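Single-letter residue listing:
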Amino acid sequence: GIGGMYRFNPSLMLGTDLSIFKGSRFKNNGSALDVVQDAFTFSSGGEYTPSRNLYDSYLSRISYRAGFYIHTPYLRDVDLSSIREYFFTGGLGLPLYDNNARIDFALEVGMRGSKENDLASEKIARFTVSFSSNEKWFYREKK
């Protein structure tokens, strides 16, 4: 895989990622498996945080996130066709105490599969809550 992130300024950053899995290289007794295919994921998104200053208002320190991804898993459907997933994502990062910890809320909305050839297709919504914390190591106080 390969990816990158660019910070335009202290408030805005955008990133993208491409991941490829060579499932077609798998062999069973020397022959290729029909149900396994090459898989890929392409994702892109951004984050906007108006201020990272601890003394600014709480609302200005909230991080707003949005993005999307396209994914093809390494397993094929029952008729050996490719399954695709398309998702849009959004979320908020709420800072706690001194900006070194956050509670993150995320929503993913998308679909998997296709109704072509009477195959299964499903619409999916995922809501997640996570907690993250970080600390500074190897910090030398100025004398």
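Details of the structure are given in the entry above.
Residues numbered from 1 in each chain as written. Predicted model: local features only at pLDDT ≥ 70, side-chain atom pairs only at ≥ 80, totals over all residues. Heavy atoms only, no water.

*Asks:* Before we go on, may I ask you to explain the overall build of the protein chain in this structure?
*Replies:* Helix and strand counts for the protein chain stand at zero helices and nine strands. Reading the protein chain from its N end, one meets helices and strands in the order β-β-β-β-β-β-β-β-β. A compact globule built from 143 residues would reach a C-alpha radius of gyration of about 15 Å, whereas the protein chain, at 21 Å, exceeds it by more than 25%. In terms of principal-axis extent, the alpha carbons of the protein chain reach across some 70 × 35 × 25 Å. Per-residue burial for the protein chain yields a buried fraction of 22% across its 143 residues. Pairs at least 24 residues apart make up 48% of the contacts formed inside the protein chain by residues separated by at least 6 positions. Carbon together with sulfur atoms contributes 59% to the accessible area of the protein chain, which is approximately 10600 Å² in total. Here the protein chain contributes 18 positive and 16 negative side-chain charges, whose respective centroids are spaced 8 Å apart. (Helix = DSSP H or I, 4+ residues; strand = E, 2+ residues; numbered from the N terminus. Rg over C-alpha atoms; globule rule 2.2 N^0.38 Å. Buried < 20%, exposed > 50% of the residue type's maximum accessible area, 1.4 Å probe, protein only. Contact = heavy atoms within 4.5 Å. Areas by Shrake-Rupley, 256 points an atom, 1.4 Å probe, with all protein chains shown as cover. Lys, Arg positive; Asp, Glu negative; His and termini not counted. Charge placed at Lys NZ, Arg CZ, Asp CG, Glu CD.)

*Asks:* What am I meant to see in the sheet that holds strand 8 (residues 101-113) here?
*Replies:* Within a sheet, adjacent strands bond to each other through the backbone by hydrogen bonds, running parallel or antiparallel. Here seven strands make up an open sheet; going across it, the order is 1-2-5-6-7-8-9 and the pairing antiparallel. Because the sheet does not close on itself, it has two edges, and the strands there are strand 1 (2-7) and strand 9 (121-133). Geometrically, the sheet is characterised by an average inter-axis angle of 10° between neighbouring strands, direction not taken into account. Sheet topology places strand 7 (residues 85-96) next to strand 8; twelve bridges connect them, and they run antiparallel. If you follow L92 over to strand 8, its bridge partner there is F105. (Pairing = 2+ DSSP bridges. Axes fitted to C-alpha atoms, helices over the stretch in contact; angles between N-to-C directions.)

*Asks:* I keep staring at a nonpolar patch on the surface and nothing clicks. Help me out?
*Replies:* A surface patch of nonpolar side chains, amounting to about 580 Å² of accessible area, comprises I2, L18, I20, F42, F68 and F88. Here F88 is to be found in strand 7. (Patch = residues over 30% accessible without salt bridge, like charges linked within 9 Å, V, L, I, M, F, W, Y side chains within 5 Å. Salt bridge = Lys/Arg side-chain N within 4 Å of Asp/Glu carboxyl O.)

*Asks:* Quick question: what am I supposed to make of the packing of aromatic side chains here?
*Replies:* Centre-to-centre distance and the angle between the planes together describe a pair of aromatic rings. For the coordinates displayed, the defined rule picks out four aromatic pairs. Pairing Y69 with F87 gives two aromatic rings, centres 5.1 Å apart and planes at 15°, and the pair type is stacked. Separated by 18 residues along the polypeptide, Y69 in strand 6 (residues 63-72) and F87 in strand 7 bring together distant segments of the chain. On the accessibility criterion, Y69 (17% relative accessible area) is buried. Note on F105 and F127: the rings are 6.2 Å apart at their centroids and 25° apart in plane angle, and the pair reads as stacked. Here F105, found in strand 8, pairs with F127, found in strand 9; they are 22 residues apart in sequence, far enough to count as distant. Given a relative accessible area of 56%, F127 falls into the exposed group. (Phe/Tyr/Trp six-rings, centres within 6.5 Å; stacked < 30°, edge-to-face > 60°.)

*Asks:* Honestly, the pairing of strand 5 (residues 39-48) in this entry has me stumped. Any pointers?
*Replies:* On a regular strand, one side chain projects to one face of the sheet and the next to the other, so that they alternate. Relative to strand 5, strand 2 (residues 12-21) runs antiparallel, the two sharing ten bridges. Pairing of D17 across the sheet is with S43, part of strand 5. In the sheet, strand 5 pairs with strand 6 via nine bridges, with the strands oriented antiparallel. Counted as the bridge partner of S44 is F68 from strand 6.

*Asks:* For this particular structure, what's the right way to read the pattern of salt bridges?
*Replies:* Note on pairing: side chains with opposite charge can pair once their charged atoms come close. Overall, the coordinates contain seven salt bridges when judged by the stated rule. Across the salt bridge formed by R52 and E47, the nearest N and O atoms sit 3.3 Å from each other. Residue R126 is joined to E108 by a salt bridge in which the shortest nitrogen-to-oxygen separation is 3.3 Å. Here R126, found in strand 9, pairs with E108, found in strand 8; they are 18 residues apart in sequence, far enough to count as distant.

*Asks:* I keep staring at the pairing of strand 8 and nothing clicks. Help me out?
*Replies:* Counted between consecutive antiparallel strands, the loop separating strand 7 from strand 8 contains four residues, among which Y97 sits at a positive phi close to 45°. Judged from the 13 bridges that link them, strand 8 and strand 9 form a sheet pairing that is antiparallel. The partner of G110 across the bridge, within strand 9, is I124.

*Asks:* Mind showing me how you'd approach the side chain of S51 here?
*Replies:* Positionally, S51 belongs in the loop between strand 5 and strand 6. In this structure the side chain of S51 is engaged in a polar contact, spanning 2.4 Å, whose partner is the side chain of D56. (Polar contact = N/O pair within 3.5 Å; in protein donor to acceptor, adjacent residues only side chain to side chain.)

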